[in-house]
Number of protein chains: 2
Amino acid sequence: MLKKKDKYKVAVVGATGAVGNEMIGVLEERGFPVLELLPLASRESEGEKIEFRERTWTVRRLSKDSFRDVDIAFFTAGAEQSREFATSAVLAGAVVIDSSSAFRLDPKVPLVVPEVNGGMVSQHSGIIASPDPYTIGMSLVLKPIHMRARVRRIVATVLESASGSGKKAMEELADQTVALLNFKEIEKKIYPHQIAFNCIPRIEAFEQTGSTKEEAEISRGIRRVMQDESIGVAVTAVHAPVFRCHSGALNIETEENLSPNEARAILSSARGVIVFDDPSRDIYPMPIDVAGKDEIYVGRIRADESVRNGLWLWLVIDNIRKGSALNAVQIAEELVK
Amino acid sequence: MLKKKDKYKVAVVGATGAVGNEMIGVLEERGFPVLELLPLASRESEGEKIEFRERTWTVRRLSKDSFRDVDIAFFTAGAEQSREFATSAVLAGAVVIDSSSAFRLDPKVPLVVPEVNGGMVSQHSGIIASPDPYTIGMSLVLKPIHMRARVRRIVATVLESASGSGKKAMEELADQTVALLNFKEIEKKIYPHQIAFNCIPRIEAFEQTGSTKEEAEISRGIRRVMQDESIGVAVTAVHAPVFRCHSGALNIETEENLSPNEARAILSSARGVIVFDDPSRDIYPMPIDVAGKDEIYVGRIRADESVRNGLWLWLVIDNIRKGSALNAVQIAEELVK
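Residues numbered from 1 in each chain as written. Chains lettered and ligands numbered in written order. Predicted model: local features only at pLDDT ≥ 70, side-chain atom pairs only at ≥ 80, totals over all residues. Heavy atoms only, no water.

*Asks:* What is the right way to read the pairing of strand S9 (residues 151–160) of chain A from this model?
*Replies:* As a general feature of sheets, a regular strand has side chains that alternate between the two faces. All names here are of chain A. Across the ten residues that make up S9, a large majority, nine, are buried. Bridging between S9 and strand S11 (residues 246–254) involves eight bridges; their strand directions are antiparallel. Along S11, the bridge assignment pairs Leu159 with Ser247. Sheet topology note: the S9/strand S10 (residues 232–239) ladder contains eight bridges and is parallel. Across the sheet, the residue bridging to Glu160 is His239, located in S10. (Buried < 20%, exposed > 50% of the residue type's maximum accessible area, 1.4 Å probe, protein only. Helix = DSSP H or I, 4+ residues; strand = E, 2+ residues; numbered from the N terminus. Pairing = 2+ DSSP bridges.)

*Asks:* Would you take a moment to explain helix H2 (residues 79–91) of chain A for this structure?
*Replies:* Residues and elements named next belong to chain A. Compared with the 18 Å implied by 1.5 Å per residue over 13 residues, the 19 Å span of H2 between its first and last C-alpha is a close match. Along its length, H2 reaches its greatest deviation from straightness, about 40°, at Phe85. Elements in contact with the buried residues of H2: strand S6 (72–75), strand S7 (95–98) and strand S8 (127–129). Where H2 ends, the next residue or the one after it, Gly93, has phi of about 105°, a positive value. (Expected span 1.5 Å × (residues − 1). Bend = angle between axes of the 7 residues up to and from the residue. Contact = heavy atoms within 4.5 Å.)

*Asks:* Teacher, can you tell me more about the side chain of Gln176 of chain A here?
*Replies:* Inspection of the secondary structure assignment puts Gln176 of chain A in helix H5 (residues 167–181). Not counting the four nearest positions on each side in its chain, Gln176 of chain A is found in contact with Ile186, Glu187, Lys188, His193, Gln194, Ile195 and Ala196 of chain A.

*Asks:* Please clarify how the packing of aromatic side chains should be interpreted in this entry.
*Replies:* We describe a pair of aromatic rings using the distance from one ring centre to the other and the angle between the two ring planes. A full pass over the atoms with the stated rule returns twelve aromatic pairs over all chains. Across the ring face of Trp57 of chain B, the terminal group of Arg55 of chain B is positioned such that the distance to the ring centre comes to 4.0 Å. (Phe/Tyr/Trp six-rings, centres within 6.5 Å; stacked < 30°, edge-to-face > 60°. Lys NZ or Arg CZ within 6 Å of the ring centre and 35° of its normal.)

*Asks:* Looking at this structure, I do not really get the relation of the copies chain A and chain B. What am I missing?
*Replies:* In this structure, two copies of a chain are linked by a rotation about an axis accompanied by a shift along it. Rotating chain A by 180° and translating it 0.0 Å along the rotation axis places it on chain B, where the RMSD comes to 0.0 Å. The two molecules are tied by a two-fold rotation axis, judged by turn and shift. (Least-squares fit on C-alpha atoms with pLDDT ≥ 70 in both.)

Structure below.
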């Protein structure tokens with residue numbers, strides 16, 4: 001359990017990565033009560049300097065001994081690092097808030113989107129997981145719809161941006177794009193195939209079922225966050241040649257009838273959601289609009305007549321911000337409340 | 001009706017566009033019995049030269065008088081041109097094969113994918129329409145599944161490439177990409193918003209229902225081609241920053257149970273379809289692989305447990321080739337058979 005204090009010693013694992021970097025910015029913007037910042041990273045980044053609250057903090061190399069006196073440890077460096085080091089942080093007395101996939105499906109670890117199931121924070125045993133970015137987006141939009149009309153089934157096609165695969169994936173998208181426009185050979189290091197001007201319908205490893213880990217994680221994650229295992233969820237997740245923000249088409253079936261106008265009204269007053277939906281003025285959410293935004297943007301809300309009580313929605317989330325860094329910081333805010 | 005001859009006078013309207021250009025190539029490759037080629041285009045392209053069967057043909061300016069003695073007139077220049085000039089071609093005695101959206105939903109005009117409903121060709125009254133590219137892809141894959149297991153509902157999210165919006169859209173994607181990588185302002189002429197490194201969830205105008213014309217056309221087109229109005233169809237269509245090939249995730253429900261393995265077996269012997277589906281070797285179709293291919297590529301075939309008899313598929317079609325030029329030429333082949 002976290003001991004309540006005025007200010008906390010906060011570690012950020014993966015401080016020089018896309019999410020870690022954003023997280024330090026979010027901690028500053030939101031005035032999180034940080035007594036001391038401990039930026040941790042791999043050997044490559046050791047000694048780098050990070051600005052936070054008009055002070056310069058030196059990046060330390062992550063080790064099992066890094067967490068002495070740490071109150072809250074944000075993990076943003078991927079599942080492998082979380083699996084290797086989270087236990088050390090917990091044993092040292094820290095509460096871990098993990099943005100990787102390492103613990104998302106662990107029944108002992110609460111999977112939290114504060115606006116949706118913030119109360120779950122109190123049930124942690126040292127680790128709290130932040131869901132996959134698109135799960136966060138879907139839960140914010142679907143929870144209020146679920147409470148009004150009960151969501152029975154979700155069919156989602158998710159287009160994930162390069163930032164979801166880290167800084168090096170973003171560089172690879174840029175480098176391959178430049179190479180192709182100059183009629184040169186491309187290099188592949190992060191993606192299994194060319195990502196520039198292409199779509200790769202496979203994110204993370206395949207499971208026995210034929211779905212990928214990413215698809216399974218979104219399916220199971222949304223049920224965990226919405227606390228309803230009866231919802232049917234089908235997901236296809238695709239790498240798109242976009243730098244930032246995940247977008248996707250959601251087709252849902254509800255138990256009760258819900259008109260597009262009612263859905264718009266419910267979502268207009270939902271926490272963390274912006275309805276961005278006016279066909280007459282060509283307004284619908286796109287990745288380039290949502291980058292840097294705290295909210296989930298939803299548009300293209302319309303009836304689907306092919307099924308009873310069908311509804312289409314189109315959601316875009318900044319996967320780095322609310323999809324990772326901001327949600328983790330909000331979990332910490334819930335924790336220190 | 002087309003008078004049977006050994007060789008035909010063939011007009012190609014939009015001969016200098018992406019589809020027209022591909023079509024002339026396809027006519028040559030497949031040895032279509034062309035007596036005389038009449039490349040037609042707008043004033044801008046008048047006088048340009050086109051190579052066909054080791055001869056040079058001069059592009060003429062399209063007018064209502066262009067079609068004298070023409071037997072078959074391919075229209076590839078968009079709906080507006082088709083609406084303005086197709087009747088003149090029919091009155092001059094030609095059979096029009098139209099690749100635009102102008103007549104696709106006209107009940108008097110057969111909408112034909114030769115492998116699926118080639119017999120409909122004989123029912124024309126001067127005009128035969130070639131479906132929207134993704135409708136062609138879906139029909140080739142879903143018809144054999146429908147015949148075995150009856151498709152009840154289709155939920156499709158389609159990612160359309162720039163070539164679907166013409167040569168100038170492809171140039172705009174390239175130009176905007178270069179501008180962004182050089183930190184310059186982008187220019188927008190064809191797309192309503194930035195397309196480079198972005199996704200635009202709106203193709204063609206919005207209808208009253210909140211769906212776009214493109215979405216409605218795919219929904220209605222697939223039922224027309226599969227000749228079954230009882231199939232429920234829900235579509236979201238999105239502009240993706242890809243040059244060539246439309247891809248998309250298809251979620252279907254069938255009346256009879258169909259395992260992924262059975263679906264793979266059925267599709268492996270389906271005409272015009274290639275099963276490209278081996279997760280263990282990271283094989284699934286992508287736009288860059290399918291460009292220039294005659295067949296529809298299908299992969300990611302897997303069960304969807306969220307509904308009775310659910311199945312996911314991922315289809316990629318070269319929208320310019322089988323999606324437009326090749327399908328139109330195959331319609332002509334059916335016609336002269």
